[in-house]
Structures are given as structure tokens and as C-alpha cells.
Amino acid sequence: MKTTVKTTVKTVEHLGRGPLGRDELAALVARDIPPGSFVNLGIGQPTTVADHLPAGSGVVLHTENGMLGMGPAARGDDIDPDLTNAGKVPVTELPGASYFHHADSFAMMRGGHLDVCVLGAFQVSERGDLANWHTGAPDAIPAVGGAMDLATGAKQVFVMMTLFTKEGTPKLVPECTYPLTGLACVSRVYTDLGVFHIGPHGVTVVETYGTSVADLASRLEVAVRPLGQEE
């Protein structure tokens, strides 16, 4: 008689350390990008993911200013002022890299040809709504760029952000109060204190860093569940 063994995946709590640093967070995102994916890295912190992709992963990086096959950030003699990503940061090119018109780049974004995009955020809601282009403050400068196109066009949207503002206000919220970039588009949220999956059962905690699931649950206004308790 054949016996079926059910394996339960549990949340990993890294309690014997502090929160993730910026490079650690970038490495964590890079680890979770499936091999062979076509990926766009948003302006700011997401661009650092390029420096942590393992050689031979087959991940092809896309920049909205018109390039496929972007490599890590350029340093020293590798810097070419004419070779930058969408954030104007000098980058390198990998063998087979190609260049194209801005309009063609946005057609790739809007046409569903990107497997993953990694974006920063001011807020993410428990339904996966994204707010990342404007805080609504009178003196703030709106900067939507291609974020709306990426949020709606990519097959998966990963967000990188701190879990709390400098004032201690949660950025993972029941409902976004800032102007929206996209509705129900975010599938994963990577923060300094934990990694979260967002799905039909709400927010699931995959890993924590320097804190516990119980502590996060007490500090957030959204209901968060450990893995294995999604239903």
C-alpha cells in the first residue's frame, strides 16, 4: 500500500540577527527570480538586484530606456556615460545585449513580455495594490515614469521597501492612502524585516529577520499569517 506523506512548509524566523541590509535584501530578491526570466528592475534600490544575480542564471534584464541584456553596475574603467539604466546609473552590457527605441521598450512592458518586475513602493495594500509614484504631499514631485506600465504588464511584481517609515508607520497597509500605481498587482513584498507573499488568502509571512511573526502581527494593521495557515 502506497503512503502519501504531506509536507508542510513553515515560515522561517531568523531571530538571531538584525534586519536585512540593502545588499542582503537585493541578494534575497535575486535568489527568488526564476532562471531564464525577462526582468525589469525599477529605479532606485531595485537596480542593485543586478549585482547579485548568479552567473549562468539566464536572467535577461530589461531597461525601459531601451536595452535587453543589462549587466551589473559599471565601476571604474567600465563606466561609459552613454550606457546607463533608466535611473541614469552607468551599467555594463552582457554578451548578446541589444538596444531599441523607447517605444519598443514600452511595447515589451505593456505587452506582457516581462516575467518579473521589481519596484520600490511607498505603500502596498493587503490586496496587492501598489502606491509608488506620489505621496500626495503638496511639495512632493510626482514621478510615475514607467511604473504603471510595469505594474500592469509584468507577469509578477516584486516590491522592495522598508516595512516601516522613519516615523514607524507601516508601509504594508489594509488600504493604500497614496495615489495608486496599480490594483492587485503585487505578488511578493521584500522588506528589511520580512518577506511576504500576497494572494487570495491575504498576506503570508515567508521569512522574518530580527523579529518574529507575532511581533510583526502586533505592529501591522493587516492580518499576517505564517506559511501553512493561509486558509
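Position numbers for residues count from 1 along each chain, tracking the sequence in the order it is written. The model is predicted, so local features are restricted to residues of pLDDT at least 70 and side-chain atom pairs to those at 80 or more, both for listing and for counting; the totals for chains, interfaces and linings are taken over all residues. For the side-chain quantities, the full set of heavy atoms in the structure was used; hydrogens and water were omitted.

Going by an unreviewed UniProt entry, the chain carries the name 3-oxoadipate CoA-transferase, beta subunit and comes from Microbispora rosea. Looking at the chain in UniProt, the text filed under Sequence similarities (unreviewed entry) is "Belongs to the 3-oxoacid CoA-transferase subunit B family." UniProt positions are given in the numbering used here, feature names are shortened, and annotations may be inferred rather than shown by experiment.

Chemist: Before we go on, may I ask you to explain helix α1 (residues 22-32) in this structure?
Modeler: Residues spaced three or four apart along an α-helix point in a common direction, a consequence of the helix completing one turn every 3.6 residues. Residue exposure (1.4 Å probe, protein chains only): buried if accessible area is under 20% of the type maximum, exposed if over 50%, otherwise partly exposed. Secondary structure elements are taken from DSSP: a helix is a run of H or I of four residues or more, a strand is a run of E of two residues or more, and numbering for both begins at the N terminus. By the burial criterion, the buried members of α1 are L25, A26, L28, V29, A30 and D32. Looking at the packing, one finds that the buried side of α1 touches β6 (116-120), β9 (156-160), β11 (186-190), β12 (194-199) and β13 (202-209). In this analysis, two residues are considered to be in contact whenever any of their non-hydrogen atoms come within 4.5 Å of each other.

Chemist: What should I look at first to understand empty space enclosed by the protein in this one?
Modeler: One water molecule sets the probe size; rolling that probe over the atoms shows where empty space is left. We place a 1 Å grid over just the protein atoms. Points where a 1.4 Å probe fits but has no way out form a cavity, open points with protein on both sides within 12 Å along at least 5 of 7 lines form a pocket, and any residue with an atom within 4 Å of a point lines it. Grid points are joined across faces, edges and corners, and a volume is the space filled by probe spheres set on the points. In the structure shown here, the tally under the stated rule is one cavity of 30 Å³ or more. Lining the largest cavity we find N40, L41, G42, I43, T47, H62, T63, E64, M70, N85, A86 and G87. Of all the secondary structure elements, the ones that give two or more residues to the lining of the largest cavity are β2 (38-41) and β3 (60-63). Class assignment of the residues belonging to the lining of the largest cavity gives a composition of four nonpolar, seven polar and one charged. Under the convention adopted here, Pro, Cys and the residues Ala, Val, Leu, Ile, Met, Phe, Trp and Tyr are nonpolar, Asp, Glu, Lys and Arg are charged, and Gly plus all remaining residues are polar.

Chemist: In this structure, what is going on with the pattern of salt bridges? I would like to understand it.
Modeler: If charged atoms from side chains of opposite charge come close, those side chains can pair. Salt bridges are identified by distance alone: a Lys or Arg side-chain nitrogen within 4 Å of an Asp or Glu carboxyl oxygen. Per the counting criterion, the structure on display carries eight salt bridges. Of the charged contacts, one joins R17 and E24 as a salt bridge, the two residues approaching to 3.0 Å between their closest N and O atoms. Residue classification places E24 among the partly exposed positions, given a relative accessible area of 37%. Here D129 makes a salt bridge to R127, at a shortest N to O gap of 3.2 Å. Exposure remark for D129: the relative accessible area of 7% places this residue in the buried category. Residue class for R127 comes out partly exposed when judged on its relative accessible area of 45%.

Chemist: What am I meant to see in the sheet that holds strand β10 (residues 172-173) here?
Modeler: What holds strands together in a sheet is hydrogen bonding between their backbones, with the strands either parallel or antiparallel. What the three strands build is an open sheet, ordered β8-β7-β10; its pairing is mixed. If you trace the sheet from one side to the other, it starts and ends with β8 (130-131) and β10, each paired once. Where strand β7 (residues 123-125) meets β10, two bridges bridge the pair, whose relative direction is parallel. The partner of V124 across the bridge, within β10, is L172. The pairing criterion is simple: DSSP has to find at least two bridges between the two strands.

Chemist: What is the right way to look at unusual backbone geometry in this model?
Modeler: Leaving glycine aside, a negative phi is the common case for residues, and trans is the common case for peptide bonds. For K88, which is not glycine, the phi dihedral falls at a positive 65°. Along the chain, K88 turns up in the loop between β4 (67-73) and β5 (91-99). Of note in the backbone geometry, A184 takes a positive phi value of approximately 45° without being a glycine. Relative to the helices and strands, A184 is located in the loop between β10 and β11.

Chemist: Is there a simple way to explain the side chain of N85 in this structure?
Modeler: Note on placement: N85 falls in the loop between β4 and β5. Within the local environment of N85, its side chain forms a polar contact with the backbone nitrogen of G87, the two atoms lying 2.9 Å apart. Sequence-distant contacts of N85, that is, excluding residues within four places in its chain, are made with T47, T63, N65, M70 and V91. Side-chain atoms alone can form a polar contact between residues adjacent in sequence; in general such a contact is a pair of N or O atoms within 3.5 Å, and within protein one must be able to donate a hydrogen while the other accepts it.

Chemist: Looking at this model, I keep getting lost on the nonpolar core. Mind explaining?
Modeler: Side chains of a nonpolar character, in soluble globular proteins, are inclined to be buried together. In this structure, V124, L130, L172, V186 and F196 are the most contacted members of the largest nonpolar core, which totals 30 residues. Taken together, the elements giving at least two residues each to this core come down to α2 (102-110), β6, α3 (147-153), β9, β11, β12, β13 and α4 (213-219). Within this scheme, the nonpolar core is defined by two criteria: the residues are buried Ala, Val, Leu, Ile, Met, Phe, Trp, Tyr or Cys, and they are joined through side-chain atoms within 4.5 Å. Residues A26, Y190, V195 and Y209 belong to the second largest nonpolar core, which totals 27 residues.

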